[in-house]
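Spelled out, the chains give:
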Amino acid sequence: MVYKIPGVGELELKTLILDLNGTLTVKGEIPDGVKQRLTRLKELGYRILFFTGNTRNNEDEIASVLGIDWILAENGITKRDEALKLDPDTCVSIGNGLIDLELMKVVKLRIVTLQAEGVHVQTLLNSDIIIPSIVDALDLLIDSSTLVATLRK
Ligand SMILES: [Mg+2]
């Protein structure tokens, strides 16, 4: 998807990289409305996957329910290295923890969610947008006018 950002330029995003715990799920549960929004983003052309350190051992079930892929990434360096394989200049990442920090340094657009599990301050300081929830974050990518309003100069 291409977003035209006044004063900034064109932002072309092809891949959405999600963190799992505390981002895509909150306390182990997928928030209402996430699945429909991911489906919409796929229709808009996004490739969607999540990176996880295998904390809860429920990745396959979540990936199946949501119809997205996942990659095992057990620490922040692995997350960064996996992102580097995905043309990071066209990636948007959504995360919340310190494990997402190195990844945030290499992708094009960085979004952090607060939700019930919080956001690490170092990761927050390396992000472009902080937003309350994963549903709000996905809406921002779906409704280009809201993303443009946040990013324009
Ligand atoms: Mg997390």
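This report concerns the structure included in the present document.

Rules used in this analysis
Each chain has its residues counted from 1, running along the sequence as written. Restriction of local features to residues with pLDDT of at least 70 applies here, the model being predicted, together with a cutoff of 80 or more for giving and counting side-chain atom pairs; totals for whole chains, interfaces and linings are based on all residues. The side-chain quantities take in all heavy atoms of the structure and omit both hydrogens and water. Throughout this description, the term nonpolar core refers to a set of buried Ala, Val, Leu, Ile, Met, Phe, Trp, Tyr and Cys residues connected via side-chain atoms within 4.5 Å. Accessible area is worked out with a 1.4 Å probe on protein chains only. A residue is then buried under 20% of its type maximum, exposed over 50%, and partly exposed in between. Numbering goes from the N terminus for both helices and strands, where a helix is a DSSP run of H or I of at least four residues and a strand is a run of E of at least two. Contact criterion: two residues are considered in contact whenever any of their non-hydrogen atoms come within 4.5 Å of each other. Regarding the arc, it is the one traced by the directions from the helix axis to the C-beta atoms. By definition, two strands form a pair when at least two bridges between them are found by DSSP. Note on geometry: axes are C-alpha line fits, over the in-contact stretch for helices, and angles between N-to-C directions span 0 to 180 degrees.

## Notes on the nonpolar core
Right, on to step 1. Counting 32 residues, the largest nonpolar core has L16, L18, L24, L38 and L141 as the members making the most contacts within it.
Right, on to step 2. Tallying contributions element by element places helix α6 (residues 134-142) first for this core, with six residues.
Right, on to step 3. Beyond its immediate sequence surroundings of up to four residues, L38 is in contact with L16, L18, L24, I48, L66, I68 and L138.
Right, on to step 4. Of all hydrophobic cores here, the second largest spans nine residues; its members include I17, A73, L86 and V107.

## Things to note about helix α1 (residues 34-43)
Right, on to step 1. All buried positions along α1 are accounted for by V34, L38 and L41. Viewed end-on, α1 has its buried residues packed into an arc of 60°, placing them on one side of the element. The outward face of α1, more than 90 degrees from its buried face, is lined by the exposed residues Q36 and E43.
Right, on to step 2. Buried-residue contacts for α1 involve β3 (15-19), β4 (47-52), α2 (59-66) and α6.
Right, on to step 3. Trailing α1 by a residue or two, G45 shows a phi angle of about 105°, which is positive.

## So, the sheet that holds strand β6 (residues 91-95)
As a general point, the strands of a sheet are linked pairwise by backbone hydrogen bonds and lie either parallel or antiparallel.
Right, on to step 1. Strand order in the open sheet formed by six strands is β5-β4-β3-β6-β7-β8, and the pairing between neighbours is parallel. Each of the sheet's edge strands pairs with one partner strand only, and the pair in question is β5 (69-72) and β8 (129-131). The mean inter-strand angle of the sheet, taken between neighbouring strand axes irrespective of direction, is 25°.
Right, on to step 2. Those strands touched by α2 are β4 and β5, and its axis lies near 165° from that of β4.

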